[in-house]
There are 4 protein chains.
Amino acid sequence: MQTAVFLVQCPDQKGLVSRISTFFYERAFNILHCQQHTDVPTERYFMRLVIDLADLRTSRQQLEAEFTAFGVPLGLEWSVHYPDPPQRVGILVTKASHCLYDLLVRQREGELQCEIPVIIGNHPDLETVANQFRVPFQCLPVTAATKAAQESQVQELLRQHHVDLVVMARYMQILSGDFVDAWGGRLINIHHAFLPGFKGARPYHQAYDRGVKMIGATAHYATSDLDEGPIIEQDVVRVTHEDTPAELSRIGSDIERVVLARAVKAHLEHRIIITGRKTIVFS
Amino acid sequence: MQTAVFLVQCPDQKGLVSRISTFFYERAFNILHCQQHTDVPTERYFMRLVIDLADLRTSRQQLEAEFTAFGVPLGLEWSVHYPDPPQRVGILVTKASHCLYDLLVRQREGELQCEIPVIIGNHPDLETVANQFRVPFQCLPVTAATKAAQESQVQELLRQHHVDLVVMARYMQILSGDFVDAWGGRLINIHHAFLPGFKGARPYHQAYDRGVKMIGATAHYATSDLDEGPIIEQDVVRVTHEDTPAELSRIGSDIERVVLARAVKAHLEHRIIITGRKTIVFS
Amino acid sequence: MQTAVFLVQCPDQKGLVSRISTFFYERAFNILHCQQHTDVPTERYFMRLVIDLADLRTSRQQLEAEFTAFGVPLGLEWSVHYPDPPQRVGILVTKASHCLYDLLVRQREGELQCEIPVIIGNHPDLETVANQFRVPFQCLPVTAATKAAQESQVQELLRQHHVDLVVMARYMQILSGDFVDAWGGRLINIHHAFLPGFKGARPYHQAYDRGVKMIGATAHYATSDLDEGPIIEQDVVRVTHEDTPAELSRIGSDIERVVLARAVKAHLEHRIIITGRKTIVFS
Amino acid sequence: MQTAVFLVQCPDQKGLVSRISTFFYERAFNILHCQQHTDVPTERYFMRLVIDLADLRTSRQQLEAEFTAFGVPLGLEWSVHYPDPPQRVGILVTKASHCLYDLLVRQREGELQCEIPVIIGNHPDLETVANQFRVPFQCLPVTAATKAAQESQVQELLRQHHVDLVVMARYMQILSGDFVDAWGGRLINIHHAFLPGFKGARPYHQAYDRGVKMIGATAHYATSDLDEGPIIEQDVVRVTHEDTPAELSRIGSDIERVVLARAVKAHLEHRIIITGRKTIVFS
């Protein structure tokens, strides 16, 4: 079944469910899913609505024009997402392969509905993994001196491949504010700790030194404020005093890959609305 | 805030969100929550809708009459639930105190919004617990010979106390089909295993003998087919070869009380719709 | 079965298992459990050893004297714990009842093997809970001006009741360094967040503002460095954007009580060795 | 560090820790890990002991001969496992790729310390996956008529490749009793349900029909009694009424791969002792 997803937000007011759903009912659409959330402190309303595209009697363009006109008096901000063309995901990596393997396998198995046109590494190590899955790999090394130039190259590559979403699959570089801003809301990072627990470098060593009994991982949209972007997904796993930093890292890698995959999947399915520094993730 | 909850089901058809939400919008109600589910195999639609009672301009009776008339052409089956009078929960127990304590504490702390007018035990052991919380306790022992008579007494007591929901908090008796049918959809049992894993007696011994690595608990509506009623909630906990049946039982009791409390809370908040032998539990 | 628990630590060296276990074998003791841990970075060895007291042919005093002499060449630091007299736990509370209820119920049910001779509140609210379980309650209000005097009274009460372990069951006061030092390793606090996530006040509001997808709780030994004491136990639970700070607090309270109970149980069963700012918790 | 693992079991008796550890201490071995378990009902004792092979002053053969002689009066049954040669794992598959991918990736990343010399499929679908990782793939189709002959071919292939452990990575065939017996304790299967929940075929459809709130997976040693072999590892994940059988299957596949990987890892690290129809899995 071909579906379109509307993500909507506006000031909270009476009658929103009725008025929005009636817009689609009047045009003979079957509403397959309709989820809502009201953020009480900010009095803001959010809706995710899935319709059956088989019911479309006009063009997508005309539907959008009518919905735009309809939304003005309500103060709607919205976006609509069609199943075609497929979304294109660019992946940034360094040396650790587990998240990259996981994304490639899930895409191959059809769990992640997207294309992966390019993998960019700042080290050459993962070219062999890219080759296994026949995905073009570009090695763009980076030093403090070449950072700006390298980021331009990365940007250019992502543009050339018509990338819609960038995933930092354990990319161990801090991207510039300009880069991050350019990909606002379309750049997902996996942080190998349960935020806001251990920020910054070597969180598994921090966890070991602190003697925590659980470790975790956090997938979030990247913002210029490092490790402070809107959280999409988190999970944890139990550890003990027996686990060395190396073992914590291995145990953690299992959580990292699952958390990142869930976040990417939610993004690709248009189940996320960013609001301020938080996300609404519809189930 | 005073709210009313509508639980609705009907054959799936176009326009249900629009038509139902518009019914309330036309009467100037603010819809606080609106959740839906479509069961595709049976083509059946379910909705839970919460409105602000402060918007009620007529009587409850008139609102219900209008909704009845409105629902006929759609084939609606529905119920509405008001915050008053508070629901009354009767608890059946035997000897194990952990679930009873848990329900009493959560009710006392306001997490379970209900009254607990009576506790009935087929053994006298838990009268002291009832006394601690100043809840009337009735001991109604039962043998094979007195089973029918005892159940009549239980029924009579529940009626006298205007009980709306009966909770079997580790009540180690099998209730008759007549009793269960009389309380259909209003009788919750906690089974001390992860159904459909270990049915019947001594599930922790069964779990030990089988060498499972996790044990669990299942809260379900009781039906005449033992351990086969609609499941409301389940959870599990990890165990090891070190755990004896006695330790499994103690570890399991922690899961039992949490699972039972969540199920009772979901029922009291009118978040459950029973359909066939399954439940829809809105979050 | 009556057992004694030896908690042992020393510099790592060859033959420790053999030499220590042989000490007990030569005295005809049955070793019921023997668990070890070697901390590689510090080259330190830890052992927990449980013996059957029925095998004791001499006095406890003589056994201890012999083990002392035995341990000198190995550099052993050790303690031994007998089942009698029962340990005595004093509980500090403020207004929130859930952890207090939980400890009282688990003690009553025999899960926590201890006596609870006194509950001290800096507010009068929980006297009714103490009364339900027939435990003496003392209200010792505290202000900035009376803090030192009040702590002296608390100390005096704990001494009078021969308290072995103090549990801060959501006691919303920061104890002085002197108090904390006096109870080093015998003072357990429950912090209502997943440390080192949200330190300090109102962690559930912090969690809401940050938009985390899981919340947690941490039980730790209190030290003069607030929220930095050795962690004993942690756990988390999944939350969503739907959960308000009030709901996070309620959801979190379920984790708090379980985490605190597990930590107190581990302490009472002599399964914890503190080393630096970390704990070894034998399973 | 090169280590050897001793797995030991015998009737429970006094002095086992002392006597066994002293055997190694007298030969100047450093004991790196020593874990024990006593099964009280059967009065049987189990030990896993890891020694540093760098301390070996004689030959492996002589050490084994001495340990054999030492063990006779104690009634020891034991095995010893050296790090070389690396263990060889043969994988049986049908059409589902997720478990196969997972094993290959973890082996490639060094998490699973083994070689994978051959993958055998009863369908040709997964040859491409095998090719990605440069592992020989053999397609051996099977029908009711050719079952015995096909199993002989599978056996022959496993022998040719000197396979130590066979993993059924969603191999959708029931192996004969002869085959299973020949690989007793060296044949791991992943069952896509939380045993003993839904045995037999299509467990995700069974789970959907029953309306369970969690689904799981179970890794176990295969025995001739289907789905009744000793359980090695289990895990579960929460689901809701929204999840169709297809979605349950996808959600479940994430648990299947993790559970299977943990079981294979435990086996490869010699952390499992089978006793009767249960396993002891040392952590």
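Residues numbered from 1 in each chain as written. Chains lettered and ligands numbered in written order. Predicted model: local features only at pLDDT ≥ 70, side-chain atom pairs only at ≥ 80, totals over all residues.

Undergrad: Looking at this structure, I do not really get the overall build of chain A. What am I missing?
TA: Of the regular secondary structure elements, chain A holds 8 helices and 13 strands. Seen through its C-alpha atoms, chain A measures out along the principal axes to roughly 60 × 40 × 35 Å. Burial statistics for chain A: of 283 residues in total, 42% are counted as buried. Of the contacts formed within chain A by residues at least 6 apart in sequence, a portion of 67% connects residues at least 24 apart. (Helix = DSSP H or I, 4+ residues; strand = E, 2+ residues; numbered from the N terminus. Buried ≥ 20, exposed ≤ 12 C-beta atoms within 10 Å, placed from the backbone. Contact = placed C-beta atoms within 7 Å.)

Undergrad: Can you help me understand the domain arrangement of chain A in this one?
TA: Much of the literature gives interface size as the accessible area that the parts lose upon coming together. Residue and element names in this part refer to chain A. Here chain A is described as being made up of domain 1 (3-81) and domain 2 (88-281). A C-alpha centroid distance of 32 Å is found between domain 1 and domain 2. On the side of domain 2, 5 residues touch domain 1, which itself brings 9 residues to the contact. Going through the elements one at a time, β1 (3-11), β2 (31-39) and β3 (44-52) are the ones with two or more residues in the side of domain 1 that touches domain 2. (Domains from an automatic or database assignment.)

Undergrad: What exactly am I supposed to notice about the sheet that holds β1 of chain A here?
TA: The strands that make up a sheet are held in pairs by hydrogen bonds between backbone atoms, and each pair lies either parallel or antiparallel. Residues and elements named next belong to chain A. As summarised here, the arrangement of the 4 strands in space is β2-β3-β1-β4, forming an open sheet in which the pairing is antiparallel. Single-partner strands in this sheet number two, and they are β2 and β4 (77-81). Strand-to-strand twist across the sheet, computed as the mean angle between neighbouring axes with direction ignored, equals 10°. Looking at chain direction, β1 and β3 are connected through 9 bridges and run antiparallel. (Pairing = 2+ DSSP bridges. Axes fitted to C-alpha atoms, helices over the stretch in contact; angles between N-to-C directions.)

Undergrad: Sorry, what's going on with the interface of chain C and chain D here?
TA: Tallying the contact residues gives 11 residues for chain C and 11 residues for chain D. When contributions to the side of chain C that touches chain D are tallied by element, the ones reaching two or more residues are α1 (16-26) and β2 (31-39) of chain C. It is α1 of chain C that contributes the most residues to the side of chain C that touches chain D, 5 residues altogether. Taken together, the residues of the side of chain C that touches chain D break down into 4 nonpolar, 6 polar and 1 charged. (Nonpolar A, V, L, I, M, F, W, Y, C, P; charged D, E, K, R; others polar.)

Undergrad: Is there a simple way to explain unusual backbone geometry in this structure?
TA: Outside of glycine, negative phi angles account for most residues, and trans bonds account for most peptide bonds. A cis geometry characterises the amide bond from D84 of chain B onward to P85 of chain B, with omega recorded as -5°. Relative to the elements of secondary structure, P85 of chain B occurs in the loop between β4 (77-81) and β5 (88-93). Look at R202 of chain B: it is not a glycine, yet its phi comes out positive at around 50°. Here R202 of chain B is to be found in the loop between β9 (187-191) and α7 (203-210). Unlike most non-glycine residues, R134 of chain D shows phi in positive territory, near 60°. Checked against the element boundaries, R134 of chain D lands in the loop between α4 (127-132) and β7 (137-139). Under the C-beta neighbour-count criterion, R134 of chain D is labelled exposed, with 8 such atoms within 10 Å.

Undergrad: Just to check I follow, could you spell out the relation of the copies chain C and chain D for this structure?
TA: Both copies of the chain are related through a single rotation about an axis accompanied by a shift along the same axis. In the superposition of chain C on chain D (RMSD 0.0 Å, axial shift 0.0 Å), the rotation amounts to 180°. Classification of the inter-copy transformation places it as that of a two-fold axis. No C-alpha of chain C lies nearer the rotation axis than that of S18 of chain C, which sits 2.7 Å from it. Here 100% of the contact residues of chain C are again contact residues in chain D; the copies associate through an equivalent surface. (Least-squares fit on C-alpha atoms with pLDDT ≥ 70 in both.)

Undergrad: What is the right way to read helix α3 (residues 98-108) of chain A from this model?
TA: Turn by turn, an α-helix covers 3.6 residues, leaving residues three or four places apart pointing in a common direction. All names here are of chain A. With respect to burial, α3 is a largely interior element, 10 of its 11 residues being buried. Here α3 has its buried residues at H98, C99, L100, Y101, D102, L103, L104, V105, R106 and Q107. Directly after α3, the chain includes G110, whose backbone phi takes a positive value near 90°.

Undergrad: Hey, could you run me through helix α8 (residues 245-268) of chain D in this one?
TA: Residues and elements named next belong to chain D. For α8, with 24 residues, the first-to-last C-alpha span of 34 Å sits near the 34 Å given by 1.5 Å per residue. At G252, α8 shows its maximal kink, close to 25°. Phi turns positive, to about 55°, at H270, one or two residues after α8. (Expected span 1.5 Å × (residues − 1). Bend = angle between axes of the 7 residues up to and from the residue.)

Undergrad: Would you mind going over the packing of α1 of chain C against helix α1 (residues 16-26) of chain D with me for this structure?
TA: Axes are the key here: two packed helices are described by the angle between their axes and the distance separating the axes. Two numbers describe how α1 of chain C lies on α1 of chain D: the axes approach to 8 Å, and their chain directions differ by 145°. Crossing geometry of α1 of chain C relative to α1 of chain D is assigned as left-handed. Each of V17, S18, S21, T22 and Y25 of chain C in α1 of chain C lies in contact with α1 of chain D, whose residues at this interface are V17, S18, S21, T22 and Y25 of chain D. When grouped by side-chain class, the residues that make up the contact of α1 of chain C with α1 of chain D number 4 nonpolar, 6 polar and no charged. (Left-handed = near helix turned anticlockwise from the far one by under 90°.)

Undergrad: What's the story with the sheet that holds strand β9 (residues 187-191) of chain A in this structure? I'm lost.
TA: Residue and element names in this part refer to chain A. Spatially, the 7 strands line up as an open sheet ordered β7-β6-β5-β8-β9-β10-β11, and their pairing is mixed. Here the strands that pair on one side only, and so sit at the sheet edges, are β7 (137-139) and β11 (231-238). Neighbour to neighbour, the strand axes of the sheet diverge by 15° on average, direction disregarded. Contacts from helix α5 (residues 147-160) reach β5 (88-93), β6 (115-121), β7 and β8 (165-168) within the one sheet, and its direction differs from that of β6 by about 165°.

Undergrad: Hey, could you run me through the relation of the copies chain C and chain A in this one?
TA: In screw terms, the move from chain C to chain A is a rotation of 180° and a rise of 0.0 Å along the axis, fitting with an RMSD of 0.0 Å. Both copies contact each other with a shared surface, as 100% of the interface residues of chain C are interface residues in chain A too.

Undergrad: Is there a simple way to explain the pairing of strand β6 (residues 115-121) of chain D in this structure?
TA: Each regular strand shows side chains that alternate between the opposite faces of the sheet. All names here are of chain D. Counting buried positions along β6 yields 5 of 7 residues, so the element is predominantly enclosed. Looking at chain direction, strand β5 (residues 88-93) and β6 are connected through 5 bridges and run parallel. Residue pairing in the sheet places L92 in a bridge with I120 of β6. Where the polypeptide runs from β5 across helix α3 (residues 98-108) and back to β6, its parallel neighbour, the crossover connection is right-handed. Relative to β7, β6 is paired through 3 bridges, and the arrangement is parallel. Bridging from a neighbouring strand, I119 pairs with F137 of β7. Running through α4, the crossover from β6 to the neighbouring parallel element β7 is right-handed. (Right-handed = clockwise from strand over helix to strand, strands pointing away.)

Undergrad: Honestly, the interface of chain C and chain A in this entry has me stumped. Any pointers?
TA: Tallying the contact residues gives 24 residues for chain C and 24 residues for chain A. Elements that contribute at least two residues to the side of chain C that touches chain A include exactly β11 (231-238) and β13 (278-281) of chain C. Residues belonging to the side of chain C that touches chain A are distributed by class as follows: 11 nonpolar, 7 polar and 6 charged.

Undergrad: Where do I start with the environment of H161 of chain B in this structure?
TA: Residues and elements named next belong to chain B. Along the chain, H161 turns up in the loop between α5 (147-160) and β8 (165-168). Measuring from C-alpha to C-alpha, the distance between H161 and F179 comes to 17 Å, with 18 residues separating the pair along the chain. With sequence-adjacent residues up to four places away left out, H161 is seen in contact with R88, G90, P117 and V118.

Undergrad: Before we go on, may I ask you to explain the environment of E111 of chain A in this structure?
TA: With respect to the secondary-structure elements, E111 of chain A resides in the loop between α3 and β6. Taking the C-alpha atoms as reference points, E111 of chain A and L187 of chain A, separated by 76 residues in sequence, lie 20 Å from one another. In this structure E111 of chain A touches R106 and K265 of chain A together with R250 of chain D, once residues within four positions along its chain are discounted.

Undergrad: Which parts of the structure should I look at to understand the confidence of the model for chain A?
TA: Detailed reading of predicted coordinates is not advised where the pLDDT is low. On average, residues of chain A carry a pLDDT of 95, and 100% of them reach 70 or more. Here the predicted complex scores 0.95 on pTM and 0.92 on ipTM. (pLDDT = per-residue confidence, 0-100.)

Undergrad: Where do I start with the nonpolar core in this structure?
TA: Side chains of nonpolar character tend, in soluble globular proteins, to be buried together. Counting residues in hydrophobic clusters, the biggest one holds 321 residues, and the most contacted among them are A169 of chain A, A169 of chain B, A169 of chain C together with L100 and A169 of chain D. Dropping the residues within four chain positions of it, A169 of chain A is found in contact with I91, L92, V93, C99, L100, L103, I190 and L260 of chain A. (Core = buried A, V, L, I, M, F, W, Y, C linked by C-beta atoms within 7 Å.)

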